[in-house]
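Results of the structural survey
Each chain, written out:
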Amino acid sequence: MLAGSGGRQRLRQGGRGRMTVHDKDTFLEYRREQERRHLERSDGNDPMSSLLTVEVNTTELCNRRCVFCPRHDASVYPNRNLHMSVAVAEVIGDRLAEVDYRGKLSFSGFGENLLNRNFPDLVAAMKRRIPHGLFECNTNGDFLDADSARRLFDAGLDRLYINLYDGAEQIGKFERIMAGFAPGSYHYRAHYSLDDHGLHLNNRAGNVTWLGMEGSALESLRGKPCHYPFYKMFVDWNADVLFCSNDWGREIVVGNLLEHCVPQVWLGEPLNAIRRRLMVGDRSHKPCAGCSVDGRLFGRDSFERLRRHLT
């Protein structure tokens, strides 16, 4: 039985100590603990230590149309049969190896990872090159079975997040699938609440217009900084680096890892120019001007490290 009522779930361990279910608040707490551990191991004087997460978008396909996602409206964000190749993954891995990257590598992005047929091979290619990184994957679970999960863990995945979109009753199915895997190697995220979908909802840089977040939500953020470009690098299926993981419209590309090394992109002027504006709460440029993301829930230490570097 899960704790909470009215769709709001709290983290609870199952009777065998296996099951972990996160709501939006417990997941944020979990991420902050990951951040703390990473920063404790890093050199605070090195601006590259601000990079906590590399988020990778491996496919432009998804089989779901969640109301809080731009894919809910195909005219806003249509499915495209585009996938990251193993060759591109190898280059990305090589680039991260050059800086001895030991942070989190999150396979999440804009699509459903298991719709990329080569996804386990992508994981393996990167893990061989950055063996000390923490490899995580998000999935809606619709294409998950014990064999596909085993392939991912054998490839080097450290943690699997299974997003529950339909209800708590999904847990029984997934517990049967994951019965042979180590406790702590997978977690559930409760996204089925009709109130907030288990998320700190936002309009994905203005690409979700049907949830009524504009107006007062945008006004409340005026003059406030955003931490996203200070701690997370978003790498698209073709190795383009977007300035922010919420830039679903791909309005600002700051580099490409097939052409540039990681420091050139992460500490380069295109991204630093955006940071200088966001440091002082200037959200007047697109797409930030229409974005309802708070951006201060995570990444404060990275923000401070890069602010010292830039001033």
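Residues numbered from 1 in each chain as written. Predicted model: local features only at pLDDT ≥ 70, side-chain atom pairs only at ≥ 80, totals over all residues. Heavy atoms only, no water.

**Regarding unusual backbone geometry**
Rule in force here: Strands here mean DSSP runs of E at least two residues long; helices mean DSSP runs of H or I at least four residues long; both are numbered from the N terminus.
Note the cis peptide between Lys286 and Pro287, where omega equals 0°. In this fold, Pro287 is placed in the loop between helix 9 (269-279) and helix 10 (300-310). Phi at Arg204 is positive, roughly 50°, even though this residue is not glycine. As for its placement among the helices and strands, Arg204 is situated in the loop between strand 6 (186-190) and helix 6 (216-221). You will see that Ala239, though not glycine, has its phi angle at about 80°, which is positive. In this structure, Ala239 sits in the loop between strand 7 (232-235) and strand 8 (240-242).

**A short note on the sheet that holds strand 4 (residues 134-139)**
Basically, it comes down to this: In this description, strands pair whenever DSSP reports at least two bridges between them.
The 9 strands lie next to each other as 1-6-5-4-3-2-7-8-9, forming an open sheet whose pairing is mixed. Among the strands making up the open sheet, the edge pair consists of strand 1 (21-22) and strand 9 (253-256). The pairing of strand 3 (residues 104-107) with strand 4 spans 4 bridges and is parallel. Within the sheet, the bridge partner assigned to Leu105 lies in strand 4 and is Phe135.

**As for the pairing of strand 6**
Operational definition: Residue burial is assigned from relative accessible area. The probe radius is 1.4 Å, only protein chains are included, and a residue is buried under 20% of its type maximum, exposed over 50%, and partly exposed in between.
Counted residue by residue, strand 6 has 5 buried out of 5 residues, so it is predominantly covered. Here strand 6 shows no split at all, with Tyr186, Tyr188 and Ala190 on one side and His187 and Arg189 on the other all buried. Bridge count between strand 1 and strand 6: 2 bridges; the pairing is parallel. Looking at strand 6, one finds that His22 is bridged to Arg189.

**Describing the pattern of salt bridges**
Operational definition: Counted as salt bridges are all cases of a side-chain nitrogen of Lys or Arg within 4 Å of a carboxyl oxygen of Asp or Glu.
Tallied over the full model, the rule gives 21 salt bridges. Glu40 is paired through a salt bridge with Arg36; the nearest N and O atoms lie 2.5 Å apart. Taken as a pair, Glu40 and Arg36 lie in helix 1 (residues 24-40) at a separation of 4 residues, close to a single helical turn. Through salt bridges with shared partners, a single network forms among Glu33, Arg36, Arg37 and Glu40.

**Considerations on empty space enclosed by the protein**
Under the convention used in this document: Within this scheme a cavity is a closed region of a 1 Å grid, computed over the protein atoms alone, that accommodates a 1.4 Å probe without allowing it to escape, whereas a pocket is open but has protein on both sides within 12 Å along at least five of seven lines; lining residues each have an atom within 4 Å of a point. Grid points are joined across faces, edges and corners, and a volume is the space filled by probe spheres set on the points.
All chains considered together, the criterion is met by 3 cavities of 30 Å³ or more. There is about 120 Å³ of room inside the largest cavity. Along its surface, the largest cavity is lined by 13 residues, and Cys226, Phe243, Cys244, Cys288 and Cys291 are the ones closest to its centre.

**Observations regarding the nonpolar core**
Under the convention used in this document: The nonpolar core is taken to be a set of buried Ala, Val, Leu, Ile, Met, Phe, Trp, Tyr and Cys residues, with the residues joined through side-chain atoms within 4.5 Å. Only heavy atoms matter for contacts: two residues are in contact if any of them lie within 4.5 Å across the pair.
Membership of the largest hydrophobic core comes to 71 residues, with the highest contact counts inside it found for Met178 and Met233. Ranked by residues supplied to this core, first place goes to helix 3 (residues 119-129) with 5 residues. The residues contacting Met233, other than those within four sequence positions of it, are Leu51, Thr53, Val54, Glu55, Val241, Leu257, Val262, Val265 and Trp266. Within the second largest apolar cluster, 9 residues are counted, among which are Cys69, Phe110, Leu199 and Leu242.

**Examining the packing of aromatic side chains**
Selection criterion: What counts as a ring pair is set by centres within 6.5 Å for rings of Phe, Tyr and Trp (its six-membered ring), and what kind of pair is set by the plane angle: stacked under 30 degrees, edge-to-face over 60, tilted for all other angles. Geometrically, a charge over a ring is one whose NZ (Lys) or CZ (Arg) sits within 6 Å of the ring centre while staying within 35 degrees of the ring normal.
Applying the stated criterion across every chain, the model contains 16 aromatic pairs. Considering the side-chain rings of Tyr30 and Tyr161, the 6.3 Å spacing of their centres and the 70° angle between planes classify their relative orientation as edge-to-face. Here Tyr30, found in helix 1, pairs with Tyr161, found in strand 5 (residues 159-164); they are 131 residues apart in sequence, far enough to count as distant. For Tyr30, a relative accessible area of 19% puts it in the buried group. Classification of Tyr161 by relative accessible area gives buried; the value is 0%. Consider the rings of Phe110 and Trp248, whose centres lie 4.1 Å apart with planes at 25°: the pair is stacked. Of this pair, Phe110 sits in the loop between strand 3 and helix 3 while Trp248 sits in the loop between strand 8 and strand 9, and the two are 138 residues apart along the sequence. Through a chain of ring-to-ring contacts, the aromatic side chains of Tyr77, Phe110, Phe234 and Trp248 assemble into a single cluster. Lying over the aromatic face of Phe27, Arg189 brings its terminal NZ or CZ to 3.6 Å of the ring centre. Just above the ring of Phe230 sits the side chain of Arg275; from NZ or CZ to the centre is 5.9 Å.

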